[in-house]
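Secondary and tertiary structure notes
Read off the chains here:
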Amino acid sequence: MTELKKIDVARVTDKVLDHAQRYFRGEGFIEIKPVMLGRVTDPLDGDPGSAVLKTGTIEYGGQNLSLMQSMILHKQKLIAEGFDRIFILSPNIRLEQPQREKTGRHAFEFVQIDFEIAHAKKEDVFELVEGFLASVSKAVETDCAESLGTRGLKCIKAPFDRYHVKDLEAEFGPDWETIMSEENDQPFWALGLEREFYDDEKNNYDLILPEGYGEVLSGGQRVHETQKVLERMEAHGILETNREYVEFAKQGIVPSAGGGIGVDRLVRYFTGAEHVADVQLFPRIPGRSVEF
Ligand code: AMP
Ligand code: MG
């Protein structure tokens, strides 16, 4: 592969973001501006794939505010207020463990195409995301040929295969994601993962990229029954630290489903970059110092 220049990475990223905005608007979504600080943020509890060292916070105006790890709780708040289909190009800060440097796909600052649909089921999300991936890969292939150089991008064909994690673990063991990702040449869905309190235990999903690039999306149908939400928060030991969300849950959560697509990881796949650091113009990689 020819060397990946910053300008090529920037062009592919620009294409992905431009296409995402067009695609999601075309599907009836409205774009919401990102929130970067909150009284609450995604606690990332119970997701073994995202065990951060700690949640970043700043103290300001006598309040302790969390740096946004993901906007899931804010998305749910808007859905409860009557929003129907929303998406955000959402910058997230996650203080990942330094050893995550080795995975090639963890940064401590990254951007998600984060979306949520009121009253949706997982099948609605599958169809939406499959349409997005098929069309964005085509757009990148056609419009960024010069930037991609010799990277031979496989045509993405929807629909994607769906597997239950239980079955994948039985067949491939705990390393199923790596093995399956390396063996496949199309993305696939994995269902029923171990998850944060807000995701339905059965109806949640990861989308795994082929060629060893691994997870690019996590999402789920959200738990909306107040009692169940409180029980799960209690079981995860996060009831006391999320009082604002508890108050919100008591007022009534509107059912929804959604997910977040990691832009940095998607661009890494499209460009064939070895490490996510190679597709960040200002790399923010766990275990490495920040240059600028
Ligand atoms: P999550 O719901 O925590 O899985 O996050 C949603 C998506 O954001 C993931 O599927 C990844 O594509 C992306 N993502 C999560 N953590 C990171 C990270 N540390 N570095 C880069 N992308 C990430
Ligand atoms: Mg995940």
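For the structure, see preceding data.
Residues numbered from 1 in each chain as written. Chains lettered and ligands numbered in written order. Predicted model: local features only at pLDDT ≥ 70, side-chain atom pairs only at ≥ 80, totals over all residues. Heavy atoms only, no water.

1. Comments concerning the overall build of the protein
Across its full length, the protein holds nine helices and 13 strands. Looking at the protein residue by residue over its 292 residues, the buried ones come to 52%. Considering only contacts in the protein between residues 6 or more positions apart, those separated by 24 or more positions represent 72%. By element, 50% of the accessible surface of the protein is carried by carbon and sulfur atoms, the whole surface being about 13900 Å². Separation between the mean location of the 35 positive side-chain charges and that of the 51 negative ones in the protein comes to 3 Å. (Helix = DSSP H or I, 4+ residues; strand = E, 2+ residues; numbered from the N terminus. Buried < 20%, exposed > 50% of the residue type's maximum accessible area, 1.4 Å probe, protein only. Contact = heavy atoms within 4.5 Å. Areas by Shrake-Rupley, 256 points an atom, 1.4 Å probe, with all protein chains shown as cover. Lys, Arg positive; Asp, Glu negative; His and termini not counted. Charge placed at Lys NZ, Arg CZ, Asp CG, Glu CD.)

2. Looking at the pairing of strand β5 (residues 63–67)
In this sheet, β5 lies alongside strand β2 (residues 37–38) in antiparallel orientation, the contact comprising two bridges. Within β5, the residue paired with L37 across the bridge is L67. Bridge analysis of strand β4 (residues 57–60) against β5 gives four bridges, and the strand direction is antiparallel. Within β5, the residue paired with T57 across the bridge is S66. Counted between consecutive antiparallel strands, the loop separating β4 from β5 contains two residues, among which G61 sits at a positive phi close to 55°. (Pairing = 2+ DSSP bridges.)

3. Remarks on the site of ligand 1
R94, E96, A107, E215 and S218 are the nearest of the 14 residues found near ligand 1. Between a nitrogen atom of ligand 1 and a main-chain N or O atom of R105, the distance comes to 3.5 Å. One of the backbone N or O atoms of V216 is found 2.8 Å from an oxygen atom in ligand 1. Contributing elements (two or more residues each) for the shell around ligand 1: β8 (109–118), β12 (214–222) and β13 (256–262). (Near = heavy atom within 4 Å. Polar contact = N/O pair within 3.5 Å; in protein donor to acceptor, adjacent residues only side chain to side chain.)

4. Remarks on the packing of helix α5 (residues 165–172) against helix α6 (residues 176–183)
Between α5 and α6, the least distance of the axes is 9 Å, while the angle of their chain directions is 85°. As the angle between them shows, α5 and α6 are arranged roughly perpendicular. Counted together, V165, L168, E169 and F172 of α5 and W176, I179, M180 and E183 of α6 form the full contact between these two elements. For the contact of α5 with α6, a count of residues per class yields six nonpolar, no polar and two charged. (Axes fitted to C-alpha atoms, helices over the stretch in contact; angles between N-to-C directions. Parallel < 35°, antiparallel > 145°, perpendicular 65-115°, else oblique. Nonpolar A, V, L, I, M, F, W, Y, C, P; charged D, E, K, R; others polar.)

Honestly, it's all geometry; don't read function into it.
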